[in-house]
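So the chains spell out like this:
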Amino acid sequence: MNKLGRRMADKVEFGLFTLPVLICVAVAFYIPFVLTVRYSLTKWNGISKHPKFIGLDNFKQIFTGDANFSHAAWFTVKYAVLYIVLINVLAILLALVLDSKLKSKTFLRAAFFIPYILSLVIVGFIWKFIFMQGFESLGHSTGWSIFGWSWLGEPGLAFVSVLGVSIWQSIGFYLVIYIAGLQSVPDDLKEAAVVDGAGPVRRFFSVTLPLLAPSITIAVFMALTNSIKVFDVILSLTGGGPGGTTYSVAYDIYRDTFQNNLYGYGTAKALVLFVAVLIITIVQLTIFKRREVEG
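Rules used in this analysis
Residues numbered from 1 in each chain as written. Predicted model: local features only at pLDDT ≥ 70, side-chain atom pairs only at ≥ 80, totals over all residues. Heavy atoms only, no water. Phe/Tyr/Trp six-rings, centres within 6.5 Å; stacked < 30°, edge-to-face > 60°. Helix = DSSP H or I, 4+ residues; strand = E, 2+ residues; numbered from the N terminus. Buried < 20%, exposed > 50% of the residue type's maximum accessible area, 1.4 Å probe, protein only. Lys NZ or Arg CZ within 6 Å of the ring centre and 35° of its normal. 1 Å grid on protein atoms, 1.4 Å probe; cavity = no way out; pocket = protein on both sides within 12 Å on 5 of 7 lines; lining within 4 Å. Points joined across faces, edges and corners; volume = space filled by probe spheres on them. UniProt positions renumbered as here; feature names shortened; annotations may be inferred. Domains from an automatic or database assignment. Contact = heavy atoms within 4.5 Å. Buried area = accessible area lost by both parts, 1.4 Å probe. Salt bridge = Lys/Arg side-chain N within 4 Å of Asp/Glu carboxyl O. Polar contact = N/O pair within 3.5 Å; in protein donor to acceptor, adjacent residues only side chain to side chain. Axes fitted to C-alpha atoms, helices over the stretch in contact; angles between N-to-C directions. Parallel < 35°, antiparallel > 145°, perpendicular 65-115°, else oblique. Left-handed = near helix turned anticlockwise from the far one by under 90°. Nonpolar A, V, L, I, M, F, W, Y, C, P; charged D, E, K, R; others polar.

Participant: What is the right way to read the packing of aromatic side chains from this model?
Facilitator: Aromatic ring pairs are described here by two measures, namely the spacing of the ring centres and the angle between the planes. Within the structure shown, the criterion is met by 27 aromatic pairs. A ring pair is formed by F113 and Y116, whose centres lie 5.7 Å apart and whose planes are at 45°; its orientation type is tilted. Placement of the pair is F113 and Y116 together in helix α4 (residues 105–117), with a separation of three residues, close to one helical turn. Classification of F113 by relative accessible area gives partly exposed; the value is 30%. Judged by centre distance (5.5 Å) and plane angle (45°), the ring pair of W127 and F131 falls under tilted. Here W127 pairs with F131, and both are found in helix α5 (residues 120–142), just four residues apart, close to one helical turn. In terms of burial, W127 and F131 fall into one category: buried. Here a set of aromatic residues connected by ring pairs shows up, and it is made of Y39, W44, F231, Y247, Y251, Y254, F258 and Y263. Across the ring face of F159, the terminal group of K78 is positioned such that the distance to the ring centre comes to 5.2 Å.

Participant: How do you make sense of the layout of surface pockets when you look at a structure like this?
Facilitator: Gaps left between atoms show up when a probe the size of a water molecule is rolled over them. In this structure, the largest pocket occupies an estimated 340 Å³ of space. F29, A270, L273, F274 and V277 are the residues nearest the centre of the largest pocket, which is lined by 17 residues in total. Mapped onto the lining of the largest pocket, the elements with two or more residues apiece are α1 (3–39), α9 (213–228) and α12 (263–294). Ranked by the residues each element gives to the lining of the largest pocket, the list is headed by α12, at nine residues.

Participant: Sorry, what's going on with the UniProt feature "domain: ABC transmembrane type-1" (unreviewed entry) in the chain here?
Facilitator: Cross-referencing UniProt, the feature "domain: ABC transmembrane type-1" (unreviewed entry) maps to residues 73–284 in the present numbering. For the annotated span residues 73–284, helix accounts for 79% and strand for 0% of the residues, and the straight-line distance between the end C-alpha atoms is 19 Å.

Participant: Sorry if this is basic, but what is going on with the domain arrangement of the chain here?
Facilitator: How big an interface is tends to be expressed through the accessible area that disappears when the partners come together. For the chain, the domain assignment lists domain 1 (2–39) and domain 2 (68–294). In this structure, domain 1 and domain 2 have C-alpha centres spaced 37 Å apart. Across the boundary between the two partners, domain 1 contributes four residues, which contact four residues of domain 2. Both faces considered, domain 1 and domain 2 share a buried interface measuring about 380 Å² in area, 81% of it formed by carbon and sulfur atoms. Ranking the residues of domain 1 by area buried against domain 2 places F33, T36 and Y39 at the top, with a combined share of 80%. Applying the counting rule to domain 1 against domain 2 returns zero salt bridges. The interface formed by domain 1 and domain 2 holds zero residue pairs in polar contact (both at pLDDT 80 or more) in total.

Participant: Got a minute to help me understand the UniProt feature "transmembrane region" (unreviewed entry) in the chain in this structure?
Facilitator: According to UniProt, the feature "transmembrane region" (unreviewed entry) maps to residues 12–35, 79–98, 110–130, 157–182, 203–224 and 270–288 in the numbering used here. The annotated region residues 157–182 carries 100% helix and 0% strand content, and the separation between its end C-alpha atoms amounts to 35 Å.

Participant: So what exactly am I meant to see when it comes to the side chain of T281 here?
Facilitator: Structurally, T281 is set in helix α12. Taking the relative accessible area as the measure of exposure, T281 reaches 8% and is therefore buried. A polar atom in the side chain of T281 sits 3.0 Å from the backbone oxygen of L278. When neighbours within four sequence positions are excluded, T281 is seen to be in contact with F221, L224 and T225.

Participant: In this structure, what is going on with the packing of α5 against helix α6 (residues 155–183)? I would like to understand it.
Facilitator: For any two helices packed against each other, the geometry comes down to the angle between their axes and how far apart the axes lie. Running from N to C, α5 and α6 point in directions that differ by 125°, and their axes come no closer than 11 Å. Considering the angle they form, α5 stands oblique to α6. Note that α5 runs across α6; the crossing there is right-handed. Residues L120, V123, W127 and F131 of α5 form the contact with α6, whose own contacting residues are S161, V165, W168 and Q169. The class makeup of the residues in the contact of α5 with α6 is six nonpolar, two polar and no charged.

Okay, here's the thing in structure tokens:
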């Protein structure tokens, strides 16, 4: 076989191996995305065979006349900011403790990671039982008023409950990321800082934290995307209550699409959420990667 024939055979072989993957990606992502864009421009109840084309009316309604969406967006922003800050700070602090010479550090690492294995839907139902019945029993036995609060019945406490349960469930994942980052910090740099007389706090901010930049980038990226798309814990824990005060954008999309049968309007909201997540993550990764390079 000559050289040209061999090249053609290699290209055919490459195409045969990659074609199934391309077909799967197209079926799983690209085709549904194109259909989402199409249905976002229609008024459709999900049943009729001929959706009514209405152009950009869905998007005009979202940004000008949908109070539920604006409230859900504000809830999502508050949740995302607090979730990103709290879970990364707590994960770094726990990673510093569990990366030390504790005898029980292996057990503690596993204990923190086990909740992450569970689905957030299951975790939400478990904590719903704890908030509604477990806390009542603890209140009777201890007499502490904190256990008598309506954790799922008051807007402020419901928000704190959703945030706390989400952090409790997922902190083990971020803990693993930061422990891996701490273990990659060279020991000679730590020893040099000790020789120079730097204390634990100074060593952390001058040596450890800058070298954790790649881990921070990954953890913040994951926390950002997960918090903006929060849905399952709200569905199982509060159901959007009380009075719709814990609606996230994703839950609002679910409610309009599958409960109110506004499939065209719901897909328009889903497209808005997709674009928002895409833009925010690109900006976040650009800023953090630039800081990594500067560091």
